[in-house]
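Listed here are the chains, written in short residue letters.
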Amino acid sequence: MKILLPHIYYMNINRLLYIGIALLLAGCIDDTDTMQPQALRYDLLGRGVCFNASHAEPFTTRVTTSRHDGSFNEGDLLTIYRQYSYNNGLSFDEVESHTAYRVYWLQTKYAPGTTTVSLGDEWIPKPGETGYDPDKDPKTFTQTKADSLTWDNGNTVRFRAWSRSNLAAAIPNSKGKDNKHRYYPDYSVSDWVTVSGPTDDVSLSMKHLGCRIGIVPKAGNELWRAEICTEVEDYMWPDNSTDYAHDESPDEHGKTLAEATEELNAVLAVYNQMCMPAGVDIQTSLLTTMTKAKYEAVETDLSTIHTETDGIVNFGTKTAEEISTDVQRPLFCSNDGRLYMVTIPYIMSNEADHKGEALTLPACTRFRVWLYDVNDGDKGTNHEESNYHILTLGDVRRVNSNEPMFPNGLELRAGYSYLFSVGYHYDKFTITPADDFRWVDTPAVSTDGSDQSVSEGPSPNYEWWTSAIAQAVNLAKTDNTVGYNPVFEIDTREEFLEFIKLVNGTAATKTSGLTRVTKTVKDPDTDKDIEVVEWYKDTDMEDGKPKKGATPIDKNSEEAEGYIFYEHYYPANADQKAYSVEDYVRGPYSFYDENLNTHFTVKLTADIDLADWELDPIGDEDSKVAFRGVFDGCHEVIDGSGKRTADVVYTLRNVNVKGGYLFEYCMDVAIRNLKIETTHDFKLLKTAEAHNELGYGAYIVGISIKAPSAGNPIATTLKGSSYVVACIYQGRATGAMIGSADNLNMYGCMMAAEGLAPGTGALLGEYIGSDQFFAPQTSKTITWGRFMVNYYDTGLSPGTNAVGNIADAYKPQQYIRGSYSYILKAKNDNLIDDEVDWNKQLTDEMKRGYYGLAPWKALNYAIWSYNKVGDAVAIPQNSMLHFENNSDGYVHRYPELVAGAPTEEYVADWNVLEQNN
């Protein structure tokens, strides 16, 4: 039987982060021991307990299975306790005779965001873990997948849970004596939740018990390790120094031994009371720690430390001296390129005056930070830099301010995450703190681009752009069979920023004021006449010629002043052959050539992390500055013989655009084969339109978006003939995948969005064309139409339609389906026999269950059908991606777009028109 556990949600109470596991109680639920009357739900007896919830804003994560924001990760462990009331509701007895528990683990690889998860699908009892049930014999048993908590009687019960984080596979990676540095002791616990009888839902709110100090690398840097400084030498350096060789003499810098010793003793007084978490005491909801001997023992397995009792220390069981000498200190663990220290934030000793008191690291506290040598210039023994860096709490300043971030020290608080971004910036080691101490929405790097290790300024001459033009010009001139069609390749965030500026006309700060003069001179090598181009300032020109005594400008100097020079290509005509002249950027560059009627392609050749830089959108609708090219996130892999062997699809991450639209205004545009993952509000395209009756609005093909969207995730307005194909959105949105369109073809898309209003369209908000492209087909023989094989999730957004406020009435072979999450995630088909009359013999509920082809198969058939038409045209905008679903049965994630176009052989048995349902 299924136990549902949808999303995780957040609320901030007393500055503690709570991760919710459930919502919407059908019965009466209280988070205290006070019981409320409720009608007994006998129909729920024997059924699985339903723990429901959803991700609330902010929607945050950076890697699919590595949620540094503190939410759940694949492989997390969740132990849920159920306790019956004593004497049928008079009180609770916390003895074993009334307590049962199960250990669940999260198997899902679902994408970040608002996707629903379910206990029993994503969260299942972990086989091999120990469960406990007072009604079983023996009471303690080894769990199987079937051992879920169920509603066994009508008594009042209460629930509590605690969890252990598997951030970036931290649990299995901490197994063994050589992997203890990977132990990530992030534990959470809920309050007791009392339920007076079986009810549809139970709400558990998880709160982090530890305090986390994190160090993340600035872009272009890599972390090796870090530690709190516990040697007096480190406190003898000046406060404003950051870079130290291991063999330098600190006393040369002037700090006295007495001063340094005083600071060190203040730090040790706190650090020696900081304890490494080892698990949760479910009775007290407090963290436990472990002894040093336990941590250091060869046989200790930290992947299962939460299950052990030997060497485990509970709150208030040791003196302060014993805590200082016997208990393990917290250490920085390496996790997915970051370093984290998780500590118990209060005093664990049994001394009455200080027991449970919050700990505060003094402002003089220092940390050693080692970076890997990424430029091969100064390696140590482990490929780290031979110098380490010092991070002093009192020296850390707020972003864009000279105010100290921690003038009174760093207070350790449960649920707080203190994050420092460190690394080289303009060849200087810098430290940038995060202002937000919650785990939710904590940035991986500072959101201020000026604080990154690379600037937002352009590289000299926009080289990726000018070199692509030069190569295309040279090829077109030397090979008459090849036209001029440059392909621009982008693989860094700086180049992406330059691309935006080129389109918007902000790349060059000077766009006028120079005149080109062509002169004939003797080539000193061949003694032949050649033409050379010189540039003069307009003020040095008279009657079309340079003034007497005027000298040409130094291009290198002028480029530095804001001009960008490039080769301008002119095609051959009846009077002359093709030629090129040097020119400079004089305004927006649309990536479209009017003379050639050619749309130039901009290709990603690497994943790009845009580091939360606040970007301008591409194009400007108010000034009608449009991008008119092709933006392609797919790169072809070519072998040595020139044969195309594979395709790679790339991702833009951490995209932060003013207004949320990556592309604001486009004409005759193609955006294809691209993945987007960001925590910021994101919409792919605001407006696209055809430049004339022969043009087209947009081809939006092969797009995966995982982000929140305060609007229409794919496009708001499409004017002119447009195609939206092979697009999938996962997240929380306020509008349909497409807002409005007047001439649309839509195939193979999936909208898995939470937040859509009932009675509105999930796939298309409004169709404003004269034809009814979305109308259901009425004939017995279904043909391939303009609106085929598109899905939307009615589990996440109940009551929505495919298009606007028009109720769905599509034939099953059209595969326009509003379905529950588990159906959209299905791996296998659920087909009925051909002889069964779909309309006469199936109820509406049965029709929802018999969903036909697995969605990922139907989607791939739609992509192939679209590509087949594209193969027959001169310039196809084909999808080079297909949907993949690699698990059995009902899987735990929606289909994923991966590189490689679906082939005819691949989809041979998936023709939707041939299915009965």
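Residues numbered from 1 in each chain as written. Predicted model: local features only at pLDDT ≥ 70, side-chain atom pairs only at ≥ 80, totals over all residues. Heavy atoms only, no water.

**A closer look at the state of the cysteines**
- Tallying each qualifying case throughout the model produces zero disulfides.
- Left unpaired, C727 is separated from the closest cysteine sulfur, that of C749, by 4.5 Å.
- On the basis of relative accessibility, which here comes to 0%, the residue C727 falls in the buried class. (Disulfide = S-S within 2.5 Å. Buried < 20%, exposed > 50% of the residue type's maximum accessible area, 1.4 Å probe, protein only.)

**Considering the confidence of the model for the protein chain**
- Looking at the protein chain, pLDDT values average 80 and 76% of them are 70 or higher.
- Contacts for the low-pLDDT stretch residues 435-460, under 50 throughout, to residues beyond four places or in other chains number 87 contacts. (pLDDT = per-residue confidence, 0-100. Contact = heavy atoms within 4.5 Å.)

**Examining the pairing of strand β50 (residues 722-732)**
- Judged by how many residues are buried, β50 sits mostly within the fold: nine of 11 residues are covered.
- Strand direction decides the pairing type here: strand β48 (residues 698-706) and β50, joined by seven bridges, are parallel. Of the residues in β50, the one forming a bridge with V701 is V725.
- Relative to strand β52 (residues 744-754), β50 runs parallel, the two being bridged by nine bridges. Bridge assignment links R732 to a residue of β52, and that residue is E754. (Helix = DSSP H or I, 4+ residues; strand = E, 2+ residues; numbered from the N terminus. Pairing = 2+ DSSP bridges.)

**Observations regarding helix α11 (residues 855-870)**
- Along its 16 residues, α11 runs 23 Å from first to last C-alpha, staying within 8% of the 22 Å computed at 1.5 Å per residue.
- For α11, a buried count of 14 out of 16 residues is recorded, marking the element as mostly surrounded by other parts of the structure. (Expected span 1.5 Å × (residues − 1).)

**Re the sheet that holds strand β51 (residues 738-741)**
- Taken in spatial order, the six strands of this open sheet run β45-β47-β49-β51-β53-β55, and their pairing is parallel. Each of the sheet's edge strands pairs with one partner strand only, and the pair in question is β45 (661-667) and β55 (801-803). Each strand of the sheet is rotated relative to its neighbour by a mean of 20 degrees, with strand direction disregarded.
- Note that strand β49 (residues 715-719) and β51 share three bridges and pair parallel. Looking at β51, one finds that A715 is bridged to I738. (Axes fitted to C-alpha atoms, helices over the stretch in contact; angles between N-to-C directions.)

**Topic: the sheet that holds strand β17 (residues 277-281)**
- On the basis of which strands lie adjacent, the open sheet formed by three strands has the order β17-β18-β19 and antiparallel pairing. This sheet does not close on itself; its edge strands, each paired only once, are β17 and β19 (312-313).
- Here strand β18 (residues 286-290) runs beside β19; their pairing, made up of two bridges, is antiparallel. When the sheet's bridge partners are listed, M290 is paired in β19 with I312.

**What to know about the nonpolar core**
- If you look at the biggest cluster of nonpolar residues, it comprises 84 residues, and the most contacted ones within it are W465, F499 and F591.
- Among the elements that make up this core, the one with the highest residue count is helix α5 (residues 463-478) (seven residues).
- The residues touching W465, leaving out its near neighbours within four places in the chain, are F488, L502, I564, Y566, V585, Y589 and F591.
- L223, A226, V267 and M274 belong to the second-largest nonpolar core, a separate cluster that totals 42 residues. (Core = buried A, V, L, I, M, F, W, Y, C linked by side-chain atoms within 4.5 Å.)

**Some remarks on helix α6 (residues 493-504)**
- The terminal C-alpha atoms of α6, which comprises 12 residues, lie 17 Å apart, in line with the 16 Å expected from a rise of 1.5 Å per residue.
- With 11 of 12 residues buried, α6 is to be regarded as a mostly interior element.
- Phi for G505, located one or two positions after α6, is positive at around 80 degrees.

**Considerations on the pattern of salt bridges**
- Counted under the stated rule, the structure contains 26 salt bridges.
- Its salt-bridge partner being K177, residue D178 comes within 3.4 Å of it at the nearest N-O pair. Of the two residues examined, D178 and K177, each falls in the exposed class.
- Residues E231 and R368 are paired through a salt bridge, measuring 3.2 Å at the closest nitrogen-oxygen approach. On the criterion of sequence distance, the pair formed by E231 in the loop between β15 (223-228) and β16 (243-245) and R368 in strand β23 (residues 366-371) is long-range, its members being 137 residues apart.
- The class of E231 is partly exposed, set by a relative accessible area of 40%. (Salt bridge = Lys/Arg side-chain N within 4 Å of Asp/Glu carboxyl O.)

**Some thoughts on the side chain of D281**
- By the element assignment, D281 lies in strand β17.
- Despite its burial, D281 remains without a salt bridge, the nearest opposite charge being carried by R160 at 7.3 Å.
- There is a polar contact of 3.1 Å between the side chain of D281 and the side chain of N314.
- Contacts of D281, omitting those with residues within four sequence positions, involve L286, T288 and N314. (Lys, Arg positive; Asp, Glu negative; His and termini not counted. Polar contact = N/O pair within 3.5 Å; in protein donor to acceptor, adjacent residues only side chain to side chain.)

**Details of the side chain of D147**
- Assignment of secondary structure puts D147 in the loop between β9 (140-142) and β10 (156-164).
- Comment: no salt bridge for buried D147; closest opposite-charge side chain is K136, at 4.5 Å.
- Leave out the neighbours within four places in its chain, and D147 touches R102, P125, K136, F141 and T142.

**So, the environment of E693**
- Inspection of the secondary structure assignment puts E693 in the loop between β47 (683-689) and β48.
- Each C-alpha atom, one on E693 and one on S721, is 9.3 Å from the other, the two residues being 28 residues apart in sequence.

**Here's the deal with the packing of aromatic side chains**
- All told, the structure shown has 45 aromatic pairs when counted by the stated rule.
- Ring plane angle 70 degrees and centroid distance 5.0 Å describe the contact between Y906 and W910, whose orientation is recorded as edge-to-face.
- Under the relative-accessibility criterion, Y906 is labelled partly exposed at 33%.
- We note R586 situated over the ring of Y584; from NZ or CZ to the ring centre the distance is 4.1 Å.
- Sitting over the ring of Y592, R628 keeps its end group 4.0 Å from the ring centre. (Phe/Tyr/Trp six-rings, centres within 6.5 Å; stacked < 30°, edge-to-face > 60°. Lys NZ or Arg CZ within 6 Å of the ring centre and 35° of its normal.)

**Topic: unusual backbone geometry**
- Each neighbour pair has its own omega, and for D137 with P138 the value is 0 degrees, a cis peptide bond.
- Structurally, the position occupied by P138 is in the loop between β8 (130-132) and β9.
- Although it is not a glycine, N673 sits at a positive phi angle of roughly 55 degrees.
- With respect to the secondary-structure elements, N673 resides in strand β46 (residues 669-677).

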